[in-house]
Amino acid sequence: MMDPQLAGSLMSCDRAGGDLPQQACSDDWHSGQQDFDDRLREECGVFGIYGHPDAAAITALGLHALQHRGQEAAGIVTYDGRRFHSERRLGLVGDTFSRREVIDRLPGSIAIGHVRYSTTGETILRNVQPLFSELNAGGFAVGHNGNLTNGLALRRQLVRDGAIMQSTTDTEVILHLLARSSHRRFIDRFIDALRQIEGAYSLAALTNKKLIGARDPLGIRPLVIGELRGCPIVTSETCALDIIGARYVRDVENGEVVVFSEEGAQSLRPFPPMRARPCIFEYIYFARPDSVVGGRSVYQIRRRLGMELAAEAPAAADVVVPVPDSGVPAAIGYAQAAGIPYEMGIIRNHYVGRTFIEPTQSIRELGVRLKHNANRSVVAGKHIVLIDDSLVRGTTSVKIVRMMREAGAAQVHFRIASPPITHPDFYGIDTPERDKLLAANHTIAEMCEIIGADSLAFLSVEGIYRAMGEERRDPLRPQFTDHCFTGDYPTPLTDRADTAPRQLSLLAEAS
């Protein structure tokens, strides 16, 4: 079926590259974990463009805008009309793809790219996406944002049937399912593979003729369509369109497969109609504030979360202080609603890498100050309200509160612009197992004592839904995927019911 909107705006084209859940690694709530171990880890980001003479360079720019979604590895695959080209590297996008010689090794007018944070599978070069495979129908590359909840079960069956796996990422399962499909047409093989997987996925895929985008039946992970001088784009967030001056066309709908080729744009809907349940954490935490997700401004949602929090959990305070950078929009909303001055009481150092070595316990205890330092002129002698977007283990919160007190704060009230995280995620967010989640094991009063605050409060689940413009959460048909707060998982968790050993064989290699 041809999509008239896509066909009309994108056919005229200016022509001239998830796994096993990782375990949490903290022995106690006060352990000396690095700052980022107490945060929700990024997911992944995808970008693809069809028919542009500078496809690789455009893709690299798009990946720069998506860097917040994955900071461990990046890759690009292109097709030049004769052969495929791939560059995949560990590290940030700018570490590799800002160099002219690298872009020159990626000729072609079709490209897909991927930034990765590993929610399943090791951070090794073999797992860096886009993955590429030579199939009977020709070359195929795919980048995946999300996590398959039956990926391990499918993997074991494929290996029993003779498949040879080269990585430990669940995305490779899609390649094998596609290769083994009995359908004749490639797109039918692709859809056949999608019908066998469960969980969350947004895919950007590439053949020698097509750029393909696909979104899971519930639309858990985001994917949008854009257009740059007639050339179609699929990407995880609208901020990637902004950086290249592209026009937003629309979101890929839940359960939709979009195909771009010389014949134009095609929209396929191979799944029975379902009500979308996008991930609520895209709005709370993951998406960039300047992105628009599902027609909603992420920045405005986060500001409204802060306003709802102020209504639900007021505090007698002199200043509102965000925990940067994630707590800034919510803190602005809290301050506006509460009528309390907003101040930058914590200054963040943006030039600290994630790989800083902390060799001793004494140095490790100072780790939080590498990224955050108290602004004494703002907090000394004041009653302050600290605003953050989430609380996971609590280890960083302990250090932040202690820092505020050492800077002279008279009282420290902690407010979280989301509900308590009581359940782990299996859809592409790297959360600790439940026994490592602070809120799953302690009351709010106990958590307040653990982090050392004078008071602690969270936004309610209903408060989130009000901030999203909903009257209330529908318990029978929830509007969003919110299982981290409610335990209401939207898909079967097939792999979690598997009691067999979960370790995959790992080959150590230089990368």
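Quick caveat: nothing in here was measured; it's all calculated off a predicted structure. (Residues numbered from 1 in each chain as written. Predicted model: local features only at pLDDT ≥ 70, side-chain atom pairs only at ≥ 80, totals over all residues. Heavy atoms only, no water.)

**Details of the overall build of the protein**
Within the protein, the regular secondary structure consists of 19 helices and 21 strands. Put simply, the protein has 511 residues, and 61% of those count as buried. Per element, the accessible surface of the protein, about 19800 Å² overall, is 51% carbon and sulfur. (Helix = DSSP H or I, 4+ residues; strand = E, 2+ residues; numbered from the N terminus. Buried < 20%, exposed > 50% of the residue type's maximum accessible area, 1.4 Å probe, protein only. Areas by Shrake-Rupley, 256 points an atom, 1.4 Å probe, with all protein chains shown as cover.)

**Thoughts on the packing of aromatic side chains**
Tallied over the entire structure, the rule returns 10 aromatic pairs. Seen in terms of ring centroids, Phe281 and Phe286 are 6.3 Å apart; in terms of plane orientation they differ by 65°. Their pairing is edge-to-face. The same class applies to Phe281 as to Phe286, namely buried. Cluster of aromatic residues (ring-pair linked, three or more members): Phe281, Tyr285, Phe286 and Phe485. (Phe/Tyr/Trp six-rings, centres within 6.5 Å; stacked < 30°, edge-to-face > 60°.)

**Some remarks on the environment of Ala317**
Along the chain, the position of Ala317 falls in the loop between helix H10 (298-312) and strand S16 (319-322). The spatial distance from the C-alpha of Ala317 to the C-alpha of Val412 is 8.7 Å, given a sequence separation of 95 residues. The residues touching Ala317, leaving out its near neighbours within four places in the chain, are Ile340, His383, Ile384 and Val385. (Contact = heavy atoms within 4.5 Å.)

**With respect to the pattern of salt bridges**
Side chains that carry opposite charge are capable of pairing whenever their charged atoms lie near each other. Scanning all chains against the criterion turns up 25 salt bridges. For the salt bridge of Arg221 with Glu282, the shortest nitrogen-to-oxygen distance reads 3.5 Å. Within this pair, whereas Arg221 is found in the loop between strand S8 (211-215) and strand S9 (224-228), its partner Glu282 is found in helix H9 (residues 281-286), the two being separated by 61 residues in sequence. Pair check on accessibility: Arg221 and Glu282 agree, each one buried. Here Arg405 and Asp454 are joined by a salt bridge, their closest N and O atoms 2.9 Å apart. (Salt bridge = Lys/Arg side-chain N within 4 Å of Asp/Glu carboxyl O.)

**Concerning the sheet that holds strand S6 (residues 138-148)**
The six strands lie next to each other as S5-S6-S7-S8-S12-S13, forming an open sheet whose pairing is antiparallel. Since the sheet does not close on itself, it has two edges, and those belong to strand S5 (131-135) and strand S13 (264-268), each with one partner. Within this sheet the neighbouring strands show an average axis-to-axis angle of 20°, counted without direction. Of the strand pairs in this sheet, S6 and strand S7 (residues 199-206) are connected by eight bridges, and their pairing is antiparallel. The residue bridging Gly143 from the neighbouring strand is Ala204, located in S7. Contacts from helix H6 (residues 171-180) reach S5, S6 and S7, with the element oriented near 15° to S5. (Pairing = 2+ DSSP bridges. Axes fitted to C-alpha atoms, helices over the stretch in contact; angles between N-to-C directions.)

**Regarding the side chain of Arg277**
Checked against the element boundaries, Arg277 lands in the loop between S13 and H9. For Arg277, a relative accessible area of 9% gives the class buried. At 3.3 Å, the side chain of Arg277 and the backbone oxygen of Phe480 are in polar contact. Every residue in contact with Arg277, bar those within four places of it in the chain, is listed here: Leu218, Gly219, Ile220, Arg473, Pro478, Gln479, Phe480, Thr481, Asp482, Asp488 and Pro490. (Polar contact = N/O pair within 3.5 Å; in protein donor to acceptor, adjacent residues only side chain to side chain.)

**Quick word on the sheet that holds strand S11 (residues 247-251)**
The seven strands lie next to each other as S3-S2-S4-S1-S10-S9-S11, forming an open sheet whose pairing is antiparallel. The sheet is open, and its two edges are formed by strand S3 (84-90) and S11, each paired on a single side. Recorded for the sheet is a direction-independent mean angle of 15° between the axes of neighbouring strands. Two elements, strand S2 (residues 73-79) and strand S4 (residues 110-116), share seven bridges in a ladder whose sense is antiparallel. Note on S4: the bridge partner recorded for Thr78 is Ala111.

**Things to note about the pairing of strand S19 (residues 383-388)**
Summarising burial for S19: five of the six residues are buried, a large majority. As defined by bridge partners, S16 adjoins S19 across four bridges and the pair is classed as parallel. Among the inter-strand pairings, Val319 is bridged to a residue of S19, identified as Ile384. Summarising the sheet, S19 and strand S20 (residues 411-416) pair through six bridges and their orientation is parallel. Note that in S20 the partner of Val385 across the bridge is His413. Handedness of the crossover joining S19 and S20 through helix H15 (residues 395-406) is recorded here as right-handed. (Right-handed = clockwise from strand over helix to strand, strands pointing away.)

**Digging into helix H7 (residues 186-194)**
Of all nine residues in H7, eight are buried, a share of seventy percent or more. For H7, the set of buried residues is Phe186, Ile187, Arg189, Phe190, Ile191, Asp192, Ala193 and Leu194.

**Points about the nonpolar core**
Soluble globular proteins: nonpolar side chains tend toward being buried together. Ranked by internal contacts, the top residues of the largest apolar core, which has 45 residues, are Phe281, Ile284, Leu305, Tyr334, Ile387 and Ile464. Membership of the second largest hydrophobic core comes to 30 residues, among which are Val142, Phe190, Tyr201 and Val257. (Core = buried A, V, L, I, M, F, W, Y, C linked by side-chain atoms within 4.5 Å.)

**Observations concerning the packing of helix H5 (residues 151-160) against H6**
Between two packed helices, both the angle of their axes relative to each other and the distance between the axes serve to describe the pair. Look at H5 against H6: their axes get within 10 Å of each other, and the N-to-C directions meet at 50°. When the axis of H5 is compared with that of H6, the two are oblique. Of the two elements, H5 crosses H6, and the hand of that crossing is left-handed. Contacts between H5 and H6 involve Gly151, Leu154, Arg155 and Leu158 on the former and, on the latter, Glu172, Val173, His176, Leu177 and Arg180. Tallied by class, residues from the contact of H5 with H6 come to four nonpolar, two polar and three charged. (Parallel < 35°, antiparallel > 145°, perpendicular 65-115°, else oblique. Left-handed = near helix turned anticlockwise from the far one by under 90°. Nonpolar A, V, L, I, M, F, W, Y, C, P; charged D, E, K, R; others polar.)

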